[in-house]
Amino acid sequence: GAVVQRLATGRYPYGVAVGADGAVFVSNWGASTVSVFTPAGGGRLAPAPAIAAGRHPSALITNGSGTRLFVASGSTDRIAVVDTRTRMVVSTLLDPPPAGPDEGTTPNALALSADGMRLFAAEADANAVAVFDLSPATADVATATGSDRLAGRIPVGWYPTALLVRGDTLLVANGKGAGTRPNPSHVRSFGERDTTYTLGQIAGSMTIVPAARANGEELTSLSQRVARANRWDERQPTGPSYPPFAHVIYVLRENRTYDQILGDLRQADGDTSIAMFGRGVTPNAHALAERFGIFDRFFVNAEVSADGHNWSMAAYATDYTQKTAPINYYHGGGRSYDFQGENRGQVPDDDVAEPASGYLWDLAARARIDFANFGEFTREERGEGADSVRWYRGLKAFLAAHTDTTYPGWNLAIPDQHRIDVWLRSFRRWLDAGSMPALQIVYLPQDHTSGGAASAPSPRAMVADNDLALGRLVDALSHSPFWKSTVVFVMEDDAQNGPDHVDSHRSPLLVISPYTQGGVLHRFTNTTDVLRTMEEMLHLDALSQFDHY
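How each quantity is defined
- Residues numbered from 1 in each chain as written.
- Predicted model: local features only at pLDDT ≥ 70, side-chain atom pairs only at ≥ 80, totals over all residues.
- Heavy atoms only, no water.
- Helix = DSSP H or I, 4+ residues; strand = E, 2+ residues; numbered from the N terminus.
- Buried < 20%, exposed > 50% of the residue type's maximum accessible area, 1.4 Å probe, protein only.
- Salt bridge = Lys/Arg side-chain N within 4 Å of Asp/Glu carboxyl O.
- Pairing = 2+ DSSP bridges.
- Phe/Tyr/Trp six-rings, centres within 6.5 Å; stacked < 30°, edge-to-face > 60°.
- Lys NZ or Arg CZ within 6 Å of the ring centre and 35° of its normal.

Participant: What exactly am I supposed to notice about the environment of Arg-149 here?
Facilitator: Mapping Arg-149 onto the fold places it in the loop between α1 (136-139) and β12 (150-155). According to the relative accessible area criterion, Arg-149 is exposed, its value standing at 63%. Along the chain, Arg-149 and Phe-132 lie 17 residues apart, while their C-alpha atoms are 6.1 Å from each other.

Written out as structure tokens, the structure reads:
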């Protein structure tokens, strides 16, 4: 009952497994290595050289004899197979989506059949379990007959995170279960027992399916169900013909549902009884929606800001983000907020939450288009002394070089009027120069509000401040030469702070340009649909399976 030894691992250790000779292997979620510790006598261990086993390894499992170690890398859709005796990677199993970037299925849990010849991987973002029939060398089983290629997929629930195999039965724990639903009675901030709060609506489920030995037509049929559910089997159209857009301005706001802001628009599907910030508070949002289109079936991909800023900037949230955000939100910040460029309050060389494909600004860098950032993924810095100047640092290398350091990021003590004043200074310089960046990100966070906090402005005042800032941006743009070649997308990163009678993820979307049609649009769209539209307009690649499809 006592700790007899502590050993240093890499950053964010996750999984532990034991090899044939008693060596202990630890996956380092925040690095690209597996730490190794060998028996040193007296029940103690000694550190040995680490194994390079893929980016951000998480789940580990050994075969029955302990000679093979399987290592999942969620954000790269790869599983490394290590010989525990030589400590070398002997093969790599691949399970990406059928097309697009090799990011988006997210293998994050592993299981082996009793004979060691079939490996199962929980694919969190495909809502499936991948099946690999292993070769003799990979399985270290002479009678194995597989080829190490993906044999098929078995459909399960939302975001599978753990699995077991017992005979012909596969038992899968699904982290998000059956998903969310309407929450018109939600009024509290959040709480673990509040089932009107979007995270409180997500309860795990268990899938029990007798398909562990599925082969041939049965496995093919199951795989086809997975493809249909993910819409992988739909023919991808060629890119649409867009108006002559040369500039995209992406405005990101904080945490509102559709009904809270636009629920009083009677021409669309709103609930007027829960419109907290209707036309009297947000006249600009209402005028823009009525002029340029009311999207009453737009849903954010995220539950909260932790995954929201990643979905909004990367079309993806890693397994680290998905698994640790609920702990951070439910237990008073029991973990550090690691989701926007910092880990434990520091800016790391390798960010544990960063998707392998990067972010929108990385697409801009690869395409060599002009880019400007105002407030997103920044932190406030101060010089020495009480009167020192505040400035705002971008938390990624390319982002930092293209961030306006005078534009405040997350700080609810600073009104959005100040933020838009800073943006307008840049805008006037662009007018003088006759050139504006192709892609801009403009962060306007005040609609988050400070709730009922003492000495803070009221929620209505903060949302009105946010609405006025948006109106000033559109007013300046629409009276400029850039208007004819610019489109503005306005989204919330998530919808956690309010009620909605359709779903807790439904949120306001504005699409503003001289070519945008008005009216009510009932078509289902979500965060990654909007990102894909931006990418197509600017001739950028996709970031994950979600914007690709």
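Participant: Please explain the pattern of salt bridges as it appears in this structure.
Facilitator: Side chains that carry opposite charge are capable of pairing whenever their charged atoms lie near each other. All told, the structure shown has 26 salt bridges when counted by the stated rule. For Arg-253, the salt bridge goes to Glu-492, with nearest N and O atoms at 3.0 Å. Remark: Glu-492 occurs in strand β23 (residues 486-492) and Arg-253 occurs in strand β16 (residues 247-253); sequence separation between them is 239 residues. Given the relative accessible area of 4%, Arg-253 is considered buried. Taking relative accessible area as the criterion, Glu-492 reaches 0% and is therefore assigned buried. A salt bridge links Arg-419 to Asp-416, with the nearest nitrogen and oxygen atoms 3.0 Å apart. With Arg-419 and Asp-416 both in helix α9 (residues 416-433), this residue pair falls three residues apart, about one helical turn. Summarising the burial analysis for this pair, Arg-419 and Asp-416 share the class buried. Connected via shared salt-bridge partners are Arg-68, Asp-83, Arg-85 and Asp-140.

Participant: Explanation requested: the pairing of strand β6 (residues 68-73) in the structure shown.
Facilitator: Note on strand geometry: in a regular strand, side chains alternate between the two faces of the sheet. Within β6, six of the six residues are buried, which leaves it mostly tucked inside the rest of the structure. Along β6, one buried face is formed by Arg-68, Phe-70 and Ala-72 and the opposite face, lined by Leu-69, Val-71 and Ser-73, is buried too. Pairing of strand β5 (residues 57-62) with β6, which is carried by four bridges, proceeds in the antiparallel orientation. Residue pairing in the sheet places Pro-57 in a bridge with Ser-73 of β6. Counted along the chain from β5 to the antiparallel partner β6, the turn is five residues long, and its residue Gly-66 has a positive phi close to 75 degrees. With antiparallel pairing between neighbouring strands as the criterion, β6 and strand β7 (residues 78-83) make up a hairpin whose turn holds four residues, including Asp-77 at a positive phi of roughly 55 degrees.

Participant: Honestly, the pairing of strand β2 (residues 24-28) in this entry has me stumped. Any pointers?
Facilitator: The element β2 is extensively covered by neighbouring structure, given that five of its five residues are classed as buried. Residues Val-24, Val-26 and Asn-28 of β2 are buried on one face, and the alternating residues Phe-25 and Ser-27, pointing to the opposite face, are buried as well. Sheet analysis places strand β1 (residues 13-18) next to β2, joined by four bridges and oriented antiparallel. Among the inter-strand pairings, Val-18 is bridged to a residue of β2, identified as Val-24. Connecting β1 to the antiparallel partner β2 that follows it, the hairpin turn spans five residues, and Gly-22 within it adopts a positive phi of roughly 90 degrees. Sheet topology places β2 next to strand β3 (residues 33-39); four bridges connect them, and they run antiparallel. The residue bridging Val-26 from the neighbouring strand is Ser-35, located in β3. As consecutive antiparallel partners, β2 and β3 are separated by four residues.

Participant: Would you explain the packing of aromatic side chains in this entry?
Facilitator: Given two aromatic rings, their pairing is described by the distance between the two centres and the angle made by the two planes. Here the structure, examined in full by the defined rule, presents 18 aromatic pairs. An angle of 70 degrees between the planes, with centres 4.8 Å apart, marks the rings of Trp-29 and Tyr-320 as edge-to-face. A residue pair is termed long-range when its members are at least 10 positions apart, and Trp-29 in the loop between β2 and β3 and Tyr-320 in helix α6 (residues 319-330) qualify at 291 residues. When its relative accessible area of 7% is taken as the criterion, Trp-29 is described as buried. Classification of Tyr-320 by relative accessible area gives buried; the value is 0%. Between the aromatic rings of Tyr-320 and Phe-339, the centroid separation amounts to 6.2 Å while the plane-to-plane angle is 40 degrees, which identifies the pairing as tilted. Here Phe-339 lies in the loop between α6 and α7 (360-367) and Tyr-320 lies in helix α6, a separation of 19 residues in the sequence. Here a set of aromatic residues connected by ring pairs shows up, and it is made of Tyr-12, Tyr-14, Trp-29, Tyr-320, Tyr-337 and Phe-339. It is Arg-344 that lies over the ring of Tyr-12; its NZ or CZ is 3.9 Å from the centre.

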